[in-house]
Structures are given as C-alpha cells and as structure tokens.
Amino acid sequence: MSSFEVPIIDIAGWRSVPDERTLIAAAIDHAARNVGFLQITGHGVPDEIVDGLTGAMDRFFALPAEEKARYVAPPEINRGYAPPRSERLSYSLGVASPEDLFEAFNVGTAC
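Nothing here was measured: the structure is a model prediction, and the numbers come from that model. (Residues numbered from 1 in each chain as written. Predicted model: local features only at pLDDT ≥ 70, side-chain atom pairs only at ≥ 80, totals over all residues. Heavy atoms only, no water.)

Novice: Provide a residue-level description of the overall build of the protein, including the pertinent values.
Specialist: Broken down by element type, the protein carries four helices and four strands. Burial statistics for the protein: of 111 residues in total, 13% are counted as buried. Sequence-distant contacts in the protein: of pairs separated by 6 or more residues, those separated by 24 or more amount to 40%. Total accessible area computed for the protein in this model is approximately 8,800 Å², and 59% of it derives from carbon and sulfur atoms. (Helix = DSSP H or I, 4+ residues; strand = E, 2+ residues; numbered from the N terminus. Buried < 20%, exposed > 50% of the residue type's maximum accessible area, 1.4 Å probe, protein only. Contact = heavy atoms within 4.5 Å. Areas by Shrake-Rupley, 256 points an atom, 1.4 Å probe, with all protein chains shown as cover.)

Here it is, written out as structure tokens:
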C-alpha cells in the first residue's frame, strides 16, 4: 500500500522573486493534477485569521445534517454545502466509482 502525502507549497516568493513564479506554478499544477490536494504556506495570512476560519469550519461541520442542508446550492453554481455522496470527483479522471464520502463547503467569487 502506498502512502498518501499532501504536498506543502511555499508561495512566499511569488511577489518578491519573479523567477520563482514558474516553479511555484509548476508545483501547484503538479499537485492539482496528481494528488488533488495541496497545502499552501508563505501566504502571509495572519494566524488569527486562519484560526478564525478553522474555528468557523469546525462549528459548521459539527452542525446536524438538516441544518447544513440549508446551505446546499444548485449544482450549476458549485458554491455552498456539498453533503457526503453528492459528488464523484473520479469522473474528472474518467473513472466510474461510487459517490465520494467527503463533505465540503465550496466558496468562490460570484460569477
């Protein structure tokens, strides 16, 4: 059995070292294509903001399923709460499989 490692990518040089942009972009591209997850460091977001977001996520996902269901959006929007078994990300790789067991809260800019 192989181990699963989430790549940790330091983006601190993105603003200050233009030559590092290509390396950073390649690392993100590789992680997204081959692992599907990555952890970003060097982003400059203060710890208290990160801690606040972590706390908010913990509180949201601890809610009962009926409460979280209030935040499900239509699939074409791809924002809001995605309950377990509502997605099949393996289809993006051309693999048919059962529904994914994770739950998520998708955010992004308005279209």
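Novice: Quick rundown of the packing of aromatic side chains? Include the residues and the values.
Specialist: Any aromatic ring pair is given by two values, namely how distant the centres are and how the planes are angled relative to each other. Scanning the model with the defined rule gives five aromatic pairs in all. Geometrically, the ring pair formed by Phe60 and Phe105 is edge-to-face, given 5.2 Å between the ring centres and 75 degrees between the ring planes. Taken together, the positions of Phe60 in helix H3 (residues 47-61) and Phe105 in strand S4 (residues 104-106) put the pair 45 residues apart, joining distant regions of the chain. Judged by relative accessible area, which is 15%, Phe60 ranks as buried. (Phe/Tyr/Trp six-rings, centres within 6.5 Å; stacked < 30°, edge-to-face > 60°.)

Novice: Explain the pattern of salt bridges to me, and be specific about the residues and the numbers.
Specialist: Across all of its chains, the model carries three salt bridges by this definition. In this structure, the salt-bridge partner of Glu67 is Arg70, at a minimum N-O distance of 2.8 Å. For Glu67, a relative accessible area of 26% puts it in the partly exposed group. Ionic pairing is found between Lys68 and Glu103, a salt bridge with its closest N-O pair at 3.0 Å. Within this pair, whereas Lys68 is found in helix H4 (residues 65-68), its partner Glu103 is found in the loop between strand S3 (80-82) and S4, the two being separated by 35 residues in sequence. Of the residues examined, Glu103 reaches a relative accessible area of 29% and is grouped as partly exposed. (Salt bridge = Lys/Arg side-chain N within 4 Å of Asp/Glu carboxyl O.)

Novice: Provide a residue-level description of a nonpolar patch on the surface, including the pertinent values.
Specialist: Side chains of Phe4, Val6 and Phe37 sit close together on the surface and give an oily, nonpolar patch of about 320 Å² of accessible area. Counting through the fold element by element, Val6 comes out in the segment before strand S1 (8-10). Here Val6 falls in the partly exposed class, since its relative accessible area comes to 36%. (Patch = residues over 30% accessible without salt bridge, like charges linked within 9 Å, V, L, I, M, F, W, Y side chains within 5 Å.)

Novice: Report on the side chain of Lys68, specifying residues and quantitative values.
Specialist: Overall, Lys68 belongs to the buried group, its relative accessible area being 6%. Within the local environment of Lys68, its side chain forms a polar contact with the backbone oxygen of Phe61, the two atoms lying 3.2 Å apart. Sequence-distant contacts of Lys68, defined by excluding residues within four places in its chain, comprise Phe60, Phe61, Leu63, Tyr81 and Glu103. (Polar contact = N/O pair within 3.5 Å; in protein donor to acceptor, adjacent residues only side chain to side chain.)

Novice: Any chance you could break down unusual backbone geometry for me, citing the residues and the numbers?
Specialist: The phi torsion at Asn78 lies on the positive side, around 50 degrees, for a residue other than glycine. Residue placement: Asn78 occurs in the loop between H4 and S3. A relative accessible area of 44% means that Asn78 is categorised as partly exposed.

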